[in-house]
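Structure assessment
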Amino acid sequence: MPKATSNSLCIRCKGYRRLCGLNTCPILERTRSHFRVYHHIKSESVDGSTPPSLLVGEYGYPKVRVMLNIPPAVYGDEAKIYDDPLLWWGRYSLDDIIRFRSRLLASVVRLDIHDPWKLYEKEINISAVSLEPVDSEARLRKKPRPHLRFNAFTKPVGLLAEAEDIRVTSTPRIGWLLEKRIHDDVKVADVVVELYEGGYDIYTLIHALSGGLLGTFRNRKIVPTRWAITAVDSILGSYFRKKIRKAPYISDTLAYTGEYLENRFLVILTPGPLELEWIEAWHPRSLWGYKSKMPSISVLTEDVRGRYEYMDGGYMAARLAVLEYLYNVNRQATVFIYREIKPTYYAPVGNWHIRETVKRMLRGRPRKYDGLIEAFKHELKFFDIPGSIWLSHSKLLRDIRGRRSILDFISR
Amino acid sequence: MFRAVMDKEKIKRWIKFMTTIEKLTDEACFWISGEALHFRDMDAARISMIDFKLEPEYFIEYSFEGEEEIPVCMQSKKLLEFSKLMRNSEEMEIILEEGMTHFVLSTKVPYEKYFAIPIAVDRERSKPGTPELEYTAKIKMVSASLKDALNEAKTISDRLTFIAEGNTITFLSKNDEGFQVRHRLVYPDNLEVLDIKVEEKSVAVYMVKPLLDVVKEIASLSRIAQINFGNSLPLDLKFELVEGEYYEYFLAPRTEE
């Protein structure tokens, strides 16, 4: 098993001895990408096409950093690859995705969240929801410099530079429905559902919400990206949940598995009311569990009324994929979603891969079982973490096994 | 079509009843007739059921035009929210208007308030039956004492075992970490038990939370609760209430422990 990426290990390794067990050094990889970006920045002025890519930070809230990401000197369709989860899924590895992300220059402006109109004036938020890359220029306060940082949590971000001005130089193409809704005084929840059903992908909706393009005029604000992702997942998930509240139960216990970016997923659907359980297990020596000798496990359950113990972005992403599937087949089920994170998932790249992996798994052919116990017995072998550990943490399984229905006692 | 008026005291009681219904289900479906305003439904997981009825004598005024019961469904959350906003009114009117599009809560005293909830009239809907079982343990006890037992159990577990033997009722909960909580009442030594009839040793396990959701609210309206259960049988909990009120709660047992 690979060892944890600790600072002292990195200094001894210097990226070449592979002491952490990874095939490539994430720190060197990121630094190389930064240098590649740096070579394209000839002066304080940078141009390229945003894929589109907009990031709003949380730090300093309500005065937040809004970052329009541009791959310097990359134009037109070529820019798309630098931030497009739908294009990435299944084709690119973790290293590739880190390389793509690191190739972007984030031109930063600091804004009050209550002032999305400033982004609108310059069409920055409009360009972020464009269906195609948009040519942009940023005048930077000073040229950013790449630097080597030894850090166990190497985030896949590119160079950052404060921008004096950002200009969008080509016309964003956003589609008539979104264009209309930007100018309408409509609640966020309603418009998100309408746009999703109108064919807009979730990433466009996240950018739209984050950039302050949606909602009633009075409440419109810039939303940190992480919050916007969870909000859109939650709005759509709750919409699908509501729609299937009265749907019949599925008829068999079904199991689906999938793996991408060093993450494994198992989804088990069993006949019963719509309840969900999410168990996330980080291997010892993985990103969040690297000081632990045992897997680090978190459990979240959502009851029949849609109440969950706490908000978790990863869960919300997986939940949306499952609820959308159940909505499409007009069935309800009791749902178990388990995620195993391997030590080789050395850099977090966001929740998109959870959403996309689970969504694609559910398009595949399921394995059918007569009962839940049989399903767990076979399916938990998919993980490296022993089945007994998963089962000992499952609250929902324990609850279901002992449950009887009041209907069992009513004579018909 | 249907109109009923209740006084200030009854509004407060109504809010308690509606709180338990809101905790049970998203959609509150009432059967309205000349005999009662009746709610009987299960939660989505079908482990518990509330059978609740308000008869004409409960109200200051009660009128219903029609021959058949009308099943009327609405959002339970809004029904509770609006009911709570009526808390300080001198009286409250409940109206199902002729077109049957809205369920209305309104008052004119001390000033006019009007809340309309969109409804669905579901004539296809059939009223579920209730469990009719031979219970081997029947205990009449003080509601507050039952509430205490549940609150104590909640501190360590989400399950509670009811054990009735001889003239004793025991509420026992344990958890995997070895904690145990026991609440035992003996008749007639403990005044909290008013009557106990146990045909054979009876043991059943129930979930604490759904039970506490009901007992917490109704214990403040009723001093006395009748508990019926048996070996692995549902819990049948009936409260002694004022004239015109009827409230019975069923909770399915669990098969473990």
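The rules behind these values
- Residues numbered from 1 in each chain as written.
- Chains lettered and ligands numbered in written order.
- Predicted model: local features only at pLDDT ≥ 70, side-chain atom pairs only at ≥ 80, totals over all residues.
- Heavy atoms only, no water.
- Buried < 20%, exposed > 50% of the residue type's maximum accessible area, 1.4 Å probe, protein only.
- Helix = DSSP H or I, 4+ residues; strand = E, 2+ residues; numbered from the N terminus.
- Arc of directions from axis to C-beta.
- Contact = heavy atoms within 4.5 Å.
- Polar contact = N/O pair within 3.5 Å; in protein donor to acceptor, adjacent residues only side chain to side chain.
- Buried area = accessible area lost by both parts, 1.4 Å probe.
- Salt bridge = Lys/Arg side-chain N within 4 Å of Asp/Glu carboxyl O.
- Pairing = 2+ DSSP bridges.
- Axes fitted to C-alpha atoms, helices over the stretch in contact; angles between N-to-C directions.
- Disulfide = S-S within 2.5 Å.
- Domains from an automatic or database assignment.
- Core = buried A, V, L, I, M, F, W, Y, C linked by side-chain atoms within 4.5 Å.

1. Considerations on helix α13 (residues 372-379) of chain A
Residue and element names in this part refer to chain A. Within α13 the residues assigned to the buried category are L372, A375, F376 and E379. Here the buried residues of α13 occupy an arc of 95° about the axis, which is enough to place them on one side. Among the structural elements, β7 (253-260), β8 (263-270), β11 (334-341), β12 (367-369), α14 (387-393) and α15 (395-402) are those in contact with the buried residues of α13.

2. Notes on the side chain of R264 of chain A
Tracing the sequence through the fold places R264 of chain A in strand β8. Here D384 of chain A takes part through its side chain, which lies 3.2 Å from a polar atom of the side chain of R264 of chain A.

3. Brief notes about the interface of chain B and chain A
One frequently used descriptor of interface size is the decrease in accessible area upon assembly of the parts. Taken together, the contact between chain B and chain A spans 32 residues of the former and 18 residues of the latter. Interface of chain B and chain A: buried area, both sides summed, is about 2,100 Å²; carbon and sulfur atoms make up 51% of it. The largest share of the area that chain B buries against chain A comes from D26, R46 and R254 of chain B, three residues that together contribute 24% of it. Joining chain B to chain A, the criterion identifies four salt bridges.

4. Points about the sheet that holds strand β8 (residues 102-107) of chain B
Residues and elements named next belong to chain B. Here we have five strands laid out as an open sheet, ordered β5-β1-β7-β8-β9, and antiparallel in their pairing. The sheet is open, and its two edges are formed by β5 (61-64) and β9 (113-118), each paired on a single side. Averaged over all pairs of adjacent strands, the angle between their axes in this sheet comes to 15°, without regard to strand direction. Where strand β1 (residues 2-7) meets β5, four bridges bridge the pair, whose relative direction is antiparallel. Across the sheet, the residue bridging to R3 is S63, located in β5. Of the strands in this sheet, β1 and β7 (91-96) touch helix α1 (residues 8-24), which is tilted by about 105° from β1.

5. Things to note about the state of the cysteines
Residues and elements named next belong to chain B. Applying the stated criterion across every chain, the model contains one disulfide over all chains. Here C29 engages in a disulfide with C73; their sulfurs sit 2.0 Å apart. Taking the sign of the torsion about the S-S bond as the criterion, the disulfide between C29 and C73, at about 115°, is right-handed. Linking C29 in strand β2 (residues 27-32) with C73 in strand β6 (residues 70-75), this pair joins segments that are 44 residues apart in sequence. Each of the two residues, C29 as well as C73, counts as buried.

6. Some remarks on the domain arrangement of chain A
Residues and elements named next belong to chain A. As far as domains go, chain A holds domain 1 (29-168), domain 2 (176-243) and domain 3 (253-409). Contact with domain 2, which involves 16 residues of that partner, is made by 21 residues of domain 3. Both sides together, the interface formed by domain 2 and domain 3 hides about 1,400 Å², and carbon and sulfur atoms give 55% of it. Looking only at domain 2, the three residues that lose the most surface to domain 3 are D233, F240 and R241, adding up to 45% of its buried area. Summed over the shared surface of domain 2 and domain 3, the number is two salt bridges. R241 is the partner of E302 in a salt bridge, and the nearest nitrogen-oxygen pair spans 2.7 Å.

7. Comments concerning the environment of H393 of chain A
All names here are of chain A. Along the chain, H393 falls in helix α14. A residue is classified by how much of its surface remains accessible, and H393, at 33% relative accessible area, is partly exposed. Residues H393 and T24, 369 residues apart in the sequence, show an inter-C-alpha distance of 34 Å. Every residue in contact with H393, bar those within four places of it in the chain, is listed here: E277, I279, I297 and V299.

8. Re the domain arrangement of chain B
Residues and elements named next belong to chain B. For chain B, the domain assignment lists domain 1 (2-121) and domain 2 (137-251). Computed over C-alpha atoms, the centres of domain 1 and domain 2 are 28 Å apart. The interface is formed by 18 residues belonging to domain 1 together with 20 residues belonging to domain 2. Here domain 1 packs against domain 2, burying approximately 1,800 Å² in sum over the two surfaces, 60% of which is carbon and sulfur. On the domain 1 side of the interface with domain 2, the three residues burying the most area are R13, K16 and D51, jointly 29% of the side's total. Our count for the domain 1 to domain 2 interface comes out at three salt bridges. Taking the shortest distance from any N to any O, the salt bridge between R13 and E245 comes out at 2.7 Å. Along the contact surface separating domain 1 from domain 2 lie seven residue pairs in polar contact (both at pLDDT 80 or more).

9. Points about the nonpolar core
Grouped together as the largest cluster of nonpolar side chains are 87 residues, with contacts concentrated most on W14 and F229 of chain B. Top element by residues in this core is α1 of chain B. It accounts for seven residues.

10. Let's talk about unusual backbone geometry
A cis amide bond, omega 10°, links Y61 of chain A with the succeeding residue P62 of chain A. Along the chain, P62 of chain A turns up in the loop between β2 (54-56) and β3 (63-70). Cis geometry marks the peptide bond from Y187 of chain B to P188 of chain B; its omega dihedral reads 5°. Assignment of secondary structure puts P188 of chain B in the loop between β14 (180-186) and β15 (193-198). The residue A73 of chain A is not glycine, and still its phi comes out positive at about 65°. By the element assignment, A73 of chain A lies in the loop between β3 and α3 (85-88). In this structure, S232 of chain B is a non-glycine residue whose phi angle is positive, near 50°. Secondary-structure assignment places S232 of chain B in the loop between β17 (224-229) and β18 (235-239).

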